[in-house]
Amino acid sequence: MNRALIKSRAKEFAFNNKWNIWKISIISALITYAIVFVIEMLGSVIGTVSITLILLVVASLGVMPLTIGMNYYLIKLVRGEYVNPVDALFSKYNLVGLIIQVTIGISIFTGLWSILLYIPGIIYAFSVIMAPYLMADIA
């Protein structure tokens, strides 16, 4: 199979499934923005920036499995398997501990490699860029 054939098949698949791809993206974005909006409103009522920042960090940790669930849905879509988008979106919350550990570990090690120079940090970031998709693919 040559590159042109793979590219044409990918374009055809994306065109035929654009609503399925947009649907999961919109649902995920609305949930994320709603959580951030509520936290920002709470922060303005409370009036302290530090509590708002802590709540935003906790919310970002809570939204990480949502992103992995979106990746899970897209992987199943490409493989031709039917999965309910809402069920797929929330399906990875049983792995929340693993997802948080891996994400924080990637951030720490990317930062440590970047201390050396930017190039080693970029190389390390490219070496772990597929980790969210691998976590989405595990049971």
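As shown above, the structure is provided for reference.
Residues numbered from 1 in each chain as written. Predicted model: local features only at pLDDT ≥ 70, side-chain atom pairs only at ≥ 80, totals over all residues. Heavy atoms only, no water.

(A) Structural context of the overall build of the chain. Regarding its fold elements, the chain presents 7 helices and 0 strands. Taking 139 residues into account, the globule formula puts the C-alpha radius of gyration at 14 Å, and the chain, at 18 Å, lies well above it. Along the first, second and third principal axes, the C-alpha set of the chain runs to 55 × 40 × 25 Å. Buried positions account for 24% of the 139 residues belonging to the chain. (Helix = DSSP H or I, 4+ residues; strand = E, 2+ residues; numbered from the N terminus. Rg over C-alpha atoms; globule rule 2.2 N^0.38 Å. Buried < 20%, exposed > 50% of the residue type's maximum accessible area, 1.4 Å probe, protein only.)

(B) Structural detail: the packing of helix α2 (residues 18-46) against helix α3 (residues 49-79). With their axes 10 Å apart at the nearest point, α2 and α3 run at an angle of 175° to one another. One finds that α2 runs roughly antiparallel with respect to α3. Grouping the constituent residues of the contact of α2 with α3 by class yields 17 nonpolar, 6 polar and 1 charged. (Axes fitted to C-alpha atoms, helices over the stretch in contact; angles between N-to-C directions. Parallel < 35°, antiparallel > 145°, perpendicular 65-115°, else oblique. Nonpolar A, V, L, I, M, F, W, Y, C, P; charged D, E, K, R; others polar.)

(C) Seen up close, the side chain of Lys-76. Positionally, Lys-76 belongs in helix α3. Apart from residues lying up to four places away in sequence, Lys-76 is in contact with Glu-81 and Val-83. (Contact = heavy atoms within 4.5 Å.)

(D) Up close: the pattern of salt bridges. Tallying each qualifying case throughout the model produces 2 salt bridges. Between Lys-76 and Glu-81 there is a salt bridge whose closest N-O contact spans 2.9 Å. Classification of Glu-81 by relative accessible area gives partly exposed; the value is 39%. A salt bridge links Asp-137 to Arg-79; the shortest N-O distance between them is 2.9 Å. With Asp-137 in helix α7 (residues 131-137) and Arg-79 in helix α3, the pair connects residues that are 58 residues apart, well separated along the chain. For Asp-137, a relative accessible area of 37% puts it in the partly exposed group. Looking at Arg-79, the relative accessible area reads 46%, which means it is partly exposed. (Salt bridge = Lys/Arg side-chain N within 4 Å of Asp/Glu carboxyl O.)

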